[in-house]
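# Overview (structure and organization)
The lines below spell out each chain.
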Amino acid sequence: MSYLDKSALRLVGTRPIRPDGVDKVTGRANFGADMTMPGMLWGRIKRSPHAHARIVSIDAEKALALPGVKAVVTRADFPDIPPDKRVIGAAPHNLWDLSRNCMALGKALYEGHAVAAVAATSPAIAEQALDLIEVQYEVLPHVMDVEAAMAPDAPLLHDNVFTAGVEPKPTKPSNITKMVRFAKGDVEAGFKEADLIIERRYTTKPVHQGYIEPHACLVSVAADGQCTIFSSSQGQFMVRAYTSRICGADIASIRAIPAEIGGGFGGKTIIYLEPLAYMLSKKSGRPVKMVMSREEVFRATGPTSGAVVEVKLGAKKDGHITAARTVLKYQAGAFPGSPVQQGCICSLAVYDLPNAETIGYDVLCNRAKVAAYRAPGAPIGSFAVESCVDELARELKIDPLKLREINGAKEGTKATHGPTWVNIGYQKTLEAAKASEHLKTPLGPNQGRGIASGYWHNAGGESSAACHINEDGTVTVTEGHPDIGGSRASMALMVAEVLGVPFESVRPVVGDTTAIGFSASTGGSRVTFAGGMAVTQAAEKVVGELKKRAAVIWDISPEAVEWKDGKVYPAGPNAGSFEPLSLAEIASKAARTGGPISAEVQINAQGQGPGFTTHICDVEVDRETGYVKILRYTAIQDVGRAIHPSYVEGQMQGGVAQGIGWALNEEYVYDKEGRLENPGFLDYRVPVASDMPMIDTILIEVPNPRHPFGARGCGEVPIVPPMAAVANAIADATGIRLRDLPMSPPKLRAALDAEQPRLAAE
């Protein structure tokens, strides 16, 4: 059934109080580090101090002799993973690489790589034991930067990695794990048609997701092998699957319970601690709790890639882009798997290009393995392309917004990576930008305005849901996705809409791996789309059952019963004359009409809705210090249908805030030995409230016909344009184009200082 007519909706599109809000503001909610068990031990990890080193030996005898130490594990305690089990179906991670990232095998591949773990009766004893574990290393040459790692003579991280995606297949190992390519038309012919060609090079640094809550888990392995895992993650089924396979356990023996999550942004879609805690618990016979310090989070968990992106654009004098070529080089960290493919796809997706080619390289280096970060890969590629489009607009003396209107994707556009766009709202975001009060506001001295657009494909996938009618007519809806972006509220709204009951009558629950069918992780902006389809279908099945129960009560055919506004009615005069029955009245008679009323649904949702956005940013530059103040920011986004508009606005504002941090301050800083110098929020500068203006949002609703309520994913799209929007605004304010992130005060001040002699000479 479709609920696309907004005027017919009672609840979807309203802004009720979040169901989990009271527990969180009163401190009652249980997060990853809050759980305790009787007899619990504390786990700690011994980490490599070297960026690249062969592990010669590990001696744990002194640590085991320390009173209070109950177990020590090294790689030798983990089962080998057979070659045919090293890749889990369509899962996003190579299991062999993930296992070696959790615990080093043979070599430490980055500073912070786990080499041993200990469980003790107190955190202090566990820390003391780490110092007693003796590890001998043979330090090896390391490589940190993406282009240095691509060089033929670069130190190799793995001698069994050969570049995939190139022909003929290489015979020599390389740090380049794969090449991806998408193309459309004839690029060389397109450049020959151009009146103007520009080529630029842009760079970004690794940045961390910056979630407030560090990784944490509590794992208990019983004597019979049954295991319970309580942890902070973006997917309890992911935790169960990866832990079972890395530790050699049956999936059915593990119950994974999702804690509340204090932020993830993609960084908790993989695991680091759970297999170590599992092996320590198995070895000691006691529950083991592990909580990362903030320093460990920075040193050993995935940031996103640093990258080099080369862009070449050709255009006619009237602004039509005739050809585009991009080359994206992304750091993967110590194991393959950077989001370079998404970078290639997303960076050109907002444009209708007759001729285009994009090539991407996934490159190993001696850094922590990258993890997803909110629209993984897309912000990096889009920073380069959207900056270059702005430079092209200035060369052509065409308004940057007008240039995007001329070349923007529309209905029927065939994207460079293959799909033909239908039912998209990109041009509507440009129209809204053009009509906005923001764009009409004049600027003052040293102020500038930047425009940038962005795209994220969003996702579907596997989701399960159950809808149970309680004896008093209230409703419990159980789904399998940890709530990161407000999914409890959106699920409850959709179920309440279908059943015709008050929002407050629906209790949304995130089930553990024994309480609900398999559900893929929360990520990819997929939960409101795929999970929403599942809960809607479950609620619709319940409506069908309620009609059957009313038919039993009235002794008529179920086809003669209709459901409307939370009650059953006879479908017409021929069906008989009966007083309407409410859901509560039917529920009270459930035992006499067939038993409990509930429904479960399992789906593999397809046909997700692509998301497009356009951002406007105003800045003021202090030429004395290089400080950039964000004066005003407006994010305009096609959200399909805003199920809970406050949550949607919050997602947009959060993405903007993270993108501004990425643009202006955030970066990993390493010394010459490959050691991270800023592993904490004192030296790794994320935006705080005083750095930000009130972020304005404009919601464009082009309903997605593939979803019953018209929803698209909305959580990842808003982080895609901010870096380019800020860069374009700085260029507008100063006349200086910064192409390397972050655009921090020292860099901008140096560029301003360098500009003075040139202007004087002219």
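Scroll up to find the structure this text is about.
Structural notes, computed from the coordinates.

About the criteria used
Residues numbered from 1 in each chain as written. Predicted model: local features only at pLDDT ≥ 70, side-chain atom pairs only at ≥ 80, totals over all residues. Heavy atoms only, no water. Helix = DSSP H or I, 4+ residues; strand = E, 2+ residues; numbered from the N terminus. Salt bridge = Lys/Arg side-chain N within 4 Å of Asp/Glu carboxyl O. Buried < 20%, exposed > 50% of the residue type's maximum accessible area, 1.4 Å probe, protein only. Right-handed = clockwise from strand over helix to strand, strands pointing away. Pairing = 2+ DSSP bridges. Axes fitted to C-alpha atoms, helices over the stretch in contact; angles between N-to-C directions. Contact = heavy atoms within 4.5 Å. Phe/Tyr/Trp six-rings, centres within 6.5 Å; stacked < 30°, edge-to-face > 60°. Lys NZ or Arg CZ within 6 Å of the ring centre and 35° of its normal.

Bringing unusual backbone geometry into the picture now. A cis amide bond, omega -5°, links Glu167 with the succeeding residue Pro168. Within the secondary structure, Pro168 is located in the loop between α5 (146–150) and β7 (176–184). The omega torsion across Leu741 and Pro742 is -5°, close enough to zero to call that bond cis. With respect to the helices and strands, the residue Pro742 is situated in the loop between α20 (722–734) and α21 (745–761). At Asp555, a residue that is not glycine, the phi angle is positive and equals roughly 60°. Locating Asp555 in the fold gives a position in the loop between α16 (527–554) and β20 (561–564). Phi at Asp565 takes a positive value of approximately 55°, unusual for a residue other than glycine. By the secondary structure assignment, Asp565 is in the loop between β20 and β21 (567–570).

On to the pattern of salt bridges. On inspection of all chains with the given rule, the structure shows 45 salt bridges. Here Asp77 and Lys283 are joined by a salt bridge, their closest N and O atoms 2.8 Å apart. Separated by 206 residues along the polypeptide, Asp77 in the loop between β3 (69–73) and α3 (95–102) and Lys283 in helix α8 (residues 274–284) bring together distant segments of the chain. What makes Asp77 partly exposed here is its relative accessible area of 27%. Taking the shortest distance from any N to any O, the salt bridge between Arg299 and Glu111 comes out at 2.5 Å.

Burial along strand β11 (residues 254–258) is one-sided: the face carrying Ile254, Ala256 and Pro258 is buried and the face carrying Arg255 and Ile257 is not. Between the parallel pair strand β10 (residues 227–231) and β11, the chain is carried across by helix α7 (residues 236–247), and the sense of this crossover is right-handed.

Our focus in this paragraph is the sheet that holds strand β18 (residues 475–479). With mixed pairing, 4 strands are arranged side by side in an open sheet as β19-β18-β17-β23. With partners counted over all chains shown, the strands left at the sheet margins are β19 (506–510) and β23 (597–605), one partner each. On average, each strand axis in the sheet is tilted by 15° relative to the strand beside it, whichever way the strands run. Bridge count between strand β17 (residues 461–469) and β18: 5 bridges; the pairing is antiparallel. Directly across from Cys467, in β18, lies its bridge partner Val477. Relative to β19, helix α15 (residues 487–499) is tilted by about 140°, and along the sheet it contacts β17, β18 and β19. Strands in contact with α16 are β17, β18 and β23; relative to β23, the strand with the most contacts, it is inclined by about 145°.

This part covers the packing of aromatic side chains. Inspection of the entire model under this criterion finds 14 aromatic pairs. With a centroid separation of 5.3 Å and an interplanar angle of 65°, the aromatic rings of Phe237 and Phe518 are classed as edge-to-face. Taken together, the residues span a long stretch of sequence, with Phe237 in helix α7 and Phe518 in the loop between β19 and α16 at a distance of 281 residues. Ring geometry for Phe298 and Phe681: centres 5.5 Å apart, planes at 85°, overall edge-to-face. Taken together, the residues span a long stretch of sequence, with Phe298 in helix α9 (residues 294–300) and Phe681 in the loop between α19 (645–664) and β26 (695–700) at a distance of 383 residues. A relative accessible area of 1% means that Phe298 is categorised as buried. Three or more aromatic residues link up through ring pairs in this structure, and these residues are Phe298, Tyr668, Tyr670, Phe681 and Tyr684. In this structure, Lys268 packs its charged tip against the face of Tyr211, placed 4.7 Å from the ring centre. The ring of Phe191 has Lys312 lying over it, and the distance from NZ or CZ to the ring centre is 4.3 Å.

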